[in-house]
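What follows is the residue order along each chain.
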Amino acid sequence: MGLVLLIVIWLITLISTLFFIAKTWWLPVAASAAAPGIDHHFVTTFILMGIVFVAAQVSLGYLVWKYREGGSSQTVVYTHGNPKLEILWTVLTTILFVGLNLMSSSIWASERFRPAEPSAVRVEVTGMQFAWYFRYPGPDGKFGATRPELEDASAGGEGALGLDANDPASKDDVVVNTMVVPVNREIELILRAHDVIHSFFVPAMRFKQDAVPGLAIHMHFTPTQTGDFEIACAELCGMGHYRMHGIVRVVSQDEFDKWLAAREAENQ
Ligand SMILES: [Cu+2]
């Protein structure tokens, strides 16, 4: 029985490790400037944790077999632990976790703690049950005022956001359902939510950021590839959560300018 357990434990370890080595279910295309750094850190974490995992499982299998039920009936010896070993593995684990955190902090900070460049394209992202709306400030560079009492989700677009038509800054604001951004430009996101917490998740850009009612959360990223990339809501936000997805369309600067000009013309 000890040998059977050893084989089963080692087989499960081997097969599950092989899936990771073969990258069977791996990350989608990396389409933002921070993505290579995040992926590198992800792989480093997997290798370090993989070594710990394999070592632990191999020892487990071995010990299960070594201390299998034997014919000789020895008196059981109880132990009250080994302080030296416990201190050693606690310190090693702490070094590993703190070290990984320090290694990744600059990647995290590059999109969140450092403010966006003044030339960044600003897009306000609003999550509500169950849609994402994207607002551009228009030629004046200012987002117009929104008022909660004007919010009407069924109206969609500007009505859903509660845009105050009396504010001159709101006249040229563009509200759309698909987020269009230029490639190789920094995009500053201002994340809002109307009702419950939503999470703006763009796997190809390697970020996931909560949108919280009452807060305007800033973060920024730089898309490096053109194409359509999926947006998903990564926070269970209600019955329609599953259909709360959208598209980030990354286009050339030229196409972006034309697209934005056309939307602004529609507003007039
Ligand atoms: Cu949601």
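Model, not experiment: these values are computed from the prediction.

**Looking at the pattern of salt bridges**
Under the counting rule described, the total for this entry stands at ten salt bridges. The partner of E124 in a salt bridge is R192, and the shortest N-O contact between them spans 3.0 Å. Within this pair, whereas E124 is found in strand 1 (residues 121-128), its partner R192 is found in strand 5 (residues 187-193), the two being separated by 68 residues in sequence. One network of salt bridges, with partners in common, ties together E124, R135, D173 and R192.

**A look at the sheet that holds strand 5**
Strand order in this open sheet of five strands is 3-2-1-5-8, and the pairing throughout is mixed. If you trace the sheet from one side to the other, it starts and ends with strand 3 (174-176) and strand 8 (217-221), each paired once. When strand polarity is set aside, the average angle formed by the axes of neighbouring strands in this sheet is 25°. Bridge analysis of strand 2 (residues 131-136) against strand 3 gives three bridges, and the strand direction is antiparallel. Paired with Y136 across the two strands is V174, which belongs to strand 3. Contacting strand 1, strand 2 and strand 3, helix 5 (residues 253-267) runs over the sheet at an angle of about 105° to strand 3.

**Topic: the coordination of the copper ion**
Around the copper ion, the protein contributes the donor atoms H198 (ND1), C233 (SG), C237 (SG) and M244 (SD), which lie 2.1 to 2.5 Å from the metal centre. Here the copper ion binds four donor atoms, and the angle range of 94 to 122° at the metal identifies the geometry as tetrahedral.

**A closer look at the sheet that holds strand 6 (residues 198-202)**
Where strands meet in a sheet, backbone hydrogen bonds hold them as pairs that are either parallel or antiparallel. Read from one edge to the other, the open sheet built from five strands follows the order 4-10-9-6-7, with strand pairing classed as mixed. Strands at the two margins of the open sheet, each flanked by one partner only, are strand 4 (179-182) and strand 7 (207-211). Taking the axes of each pair of neighbouring strands and ignoring which way they run, one obtains an average angle of 25° across the sheet. Helix 5 rests against strand 4 and strand 10 (245-251) of the sheet, and its axis sits at about 135° to strand 4.

**Some words on the pairing of strand 6**
Most of strand 6 sits out of view: four of its five residues are buried. Sheet topology note: the strand 6/strand 7 ladder contains five bridges and is antiparallel. By the bridge assignment for strand 7, F200 is matched with Q209. Counted between consecutive antiparallel strands, the loop separating strand 6 from strand 7 contains four residues, among which R206 sits at a positive phi close to 60°. In this sheet, strand 9 (residues 227-233) lies alongside strand 6 in antiparallel orientation, the contact comprising two bridges. Counted as the bridge partner of F201 is A232 from strand 9.

**Notes on the environment of S110**
Assignment of secondary structure puts S110 in helix 3 (residues 83-112). Residues S110 and V181 lie 71 residues apart in sequence; the distance between their C-alpha atoms is 19 Å.

**Brief notes about the packing of aromatic side chains**
Counting across every chain of the model gives 13 aromatic pairs. Plain terms: the ring middles of F20 and F46 are 4.9 Å apart, the flat faces sit at 40° to each other, and that makes the pair tilted. One end of the pair, F20, is in helix 1 (residues 2-21); the other, F46, is in helix 2 (residues 35-66), and 26 residues separate them in sequence. Overall, F46 belongs to the partly exposed group, its relative accessible area being 33%. Ring geometry for F200 against F207: centres 6.0 Å apart, planes inclined by 35°, an arrangement best described as tilted. Sitting over the face of the ring of F201, K208 holds its NZ or CZ atom 4.5 Å from the ring centroid.

**Here we look at the nonpolar core**
Within soluble globular proteins, side chains that are nonpolar tend to cluster in buried spots. If you look at the biggest cluster of nonpolar residues, it comprises 37 residues, and the most contacted ones within it are V123, F134, Y136, M179, L189 and F200. The element best represented in this core is strand 5, accounting for four residues. With five residues, the next largest nonpolar core counts M128, Y133, A160 and V175 among its residues.

How each quantity is defined
- Residues numbered from 1 in each chain as written.
- Predicted model: local features only at pLDDT ≥ 70, side-chain atom pairs only at ≥ 80, totals over all residues.
- Heavy atoms only, no water.
- Salt bridge = Lys/Arg side-chain N within 4 Å of Asp/Glu carboxyl O.
- Helix = DSSP H or I, 4+ residues; strand = E, 2+ residues; numbered from the N terminus.
- Pairing = 2+ DSSP bridges.
- Axes fitted to C-alpha atoms, helices over the stretch in contact; angles between N-to-C directions.
- Contact = heavy atoms within 4.5 Å.
- Donors = N, O, S within 2.8 Å, 3.2 Å for Na, K, Ca; no water.
- Tetrahedral: all angles 85-135°; square planar, octahedral: opposite > 155°, others 65-115°.
- Buried < 20%, exposed > 50% of the residue type's maximum accessible area, 1.4 Å probe, protein only.
- Phe/Tyr/Trp six-rings, centres within 6.5 Å; stacked < 30°, edge-to-face > 60°.
- Lys NZ or Arg CZ within 6 Å of the ring centre and 35° of its normal.
- Core = buried A, V, L, I, M, F, W, Y, C linked by side-chain atoms within 4.5 Å.

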